[in-house]
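Chain by chain, the residues:
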Amino acid sequence: MKLIVAIIQDKDSNRLSGALVKSNFRATKLASTGGFLRAGNTTFMIGVDDNQVETVLGVIRSSCKVREQLVTPVTPMSGTTDSYLPLPVEVQVGGATVFVLPVDRFEHF
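For clarity, every value in this text was computed on a predicted model and none was experimentally measured.

Novice: If you had to explain helix H1 (residues 13-22) to someone new, which residues and values would you point to?
Specialist: All of the buried residues along H1 are Ser13, Leu16 and Leu20. Buried positions in H1, seen along its axis, are confined to an arc of 70° and lie on one side of it. In this structure, H1 carries Asn14, Val21 and Lys22 as exposed residues pointing more than 90 degrees from its buried face. Tucked into the core, H1 has its buried residues touching strand E1 (2-9), strand E2 (28-33), strand E3 (40-48) and helix H2 (53-63). Once H1 ends, the next one or two residues include Asn24, with phi positive near 70°.

Novice: Can you lay out the pattern of salt bridges for me, pointing to particular residues and giving the numbers?
Specialist: Under the definition given, this model contains 2 salt bridges. The closest approach of N and O atoms between Arg15 and Asp12, which form a salt bridge, is 2.8 Å. The exposure class of Asp12 is buried, given its relative accessible area of 0%. Among the ionic pairs, Glu107 bridges to Arg105, the shortest N-O distance being 2.7 Å.

Novice: Please give an account of the sheet that holds E1 that cites residues and values.
Specialist: The strand order across the open sheet built from 4 strands is E2-E3-E1-E6, with neighbouring strands paired in antiparallel fashion. Bordering the open sheet on either side are E2 and strand E6 (96-102), each of which pairs with just one other strand. Shown here is a sheet whose adjacent strand axes are inclined to one another by a mean of 20°, direction ignored. Two strands pair when backbone bridges link them, and E1 and E3 are joined in this way by 8 bridges, in the antiparallel orientation. Across the sheet, Ile7 pairs through a bridge with Thr43, a residue of E3. Packing against the sheet, H1 makes contact with E1, E2 and E3, and its axis sits at approximately 15° to E3.

Novice: An account of the packing of H1 against H2 is needed here, citing residue identities and associated values.
Specialist: Packing of H1 against H2 leaves a shortest axis separation of 9 Å and a crossing angle of 145°. You can see that H1 and H2 cross each other, and the crossing is right-handed. Only Val56, Val59, Ile60 and Ser63 of H2 make contact with H1, whose side of the interface consists of Arg15, Leu16, Ala19 and Leu20. Considering only residue class, the contact of H1 with H2 consists of 6 nonpolar, 1 polar and 1 charged.

The rules behind these values
- Residues numbered from 1 in each chain as written.
- Predicted model: local features only at pLDDT ≥ 70, side-chain atom pairs only at ≥ 80, totals over all residues.
- Heavy atoms only, no water.
- Buried < 20%, exposed > 50% of the residue type's maximum accessible area, 1.4 Å probe, protein only.
- Helix = DSSP H or I, 4+ residues; strand = E, 2+ residues; numbered from the N terminus.
- Arc of directions from axis to C-beta.
- Contact = heavy atoms within 4.5 Å.
- Salt bridge = Lys/Arg side-chain N within 4 Å of Asp/Glu carboxyl O.
- Pairing = 2+ DSSP bridges.
- Axes fitted to C-alpha atoms, helices over the stretch in contact; angles between N-to-C directions.
- Left-handed = near helix turned anticlockwise from the far one by under 90°.
- Nonpolar A, V, L, I, M, F, W, Y, C, P; charged D, E, K, R; others polar.

Structure below.
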């Protein structure tokens with residue numbers, strides 16, 4: 001048995017949730033916050049048999065897309081800010097960060 005932990009952007013959350021239900025996979029959905037953009041994320045925890053891992057990864061891959069987003073950098077903490085002009089920068093966001101972990105024991109009460 002494996003535990004799949006998938007951290008995705010909030011924009012993809014409903015699409016992935018629906019795709020998992022449609023494919024007959026149960027998941028626990030948790031609200032989380034990303035460190036880079038401090039933006040809202042959703043973390044899915046999905047327990048599956050070893051032979052179902054690739055199927056779940058395919059569902060995640062097809063539901064979570066990488067996109068470009070404009071972000072304004074934060075003001076520098078040191079030095080003068082007189083000449084600092086925060087211009088928006090385009091960065092890649094979205095997709096999924098996925099961990100597949102072995103499960104030694106599973107209990108359901």
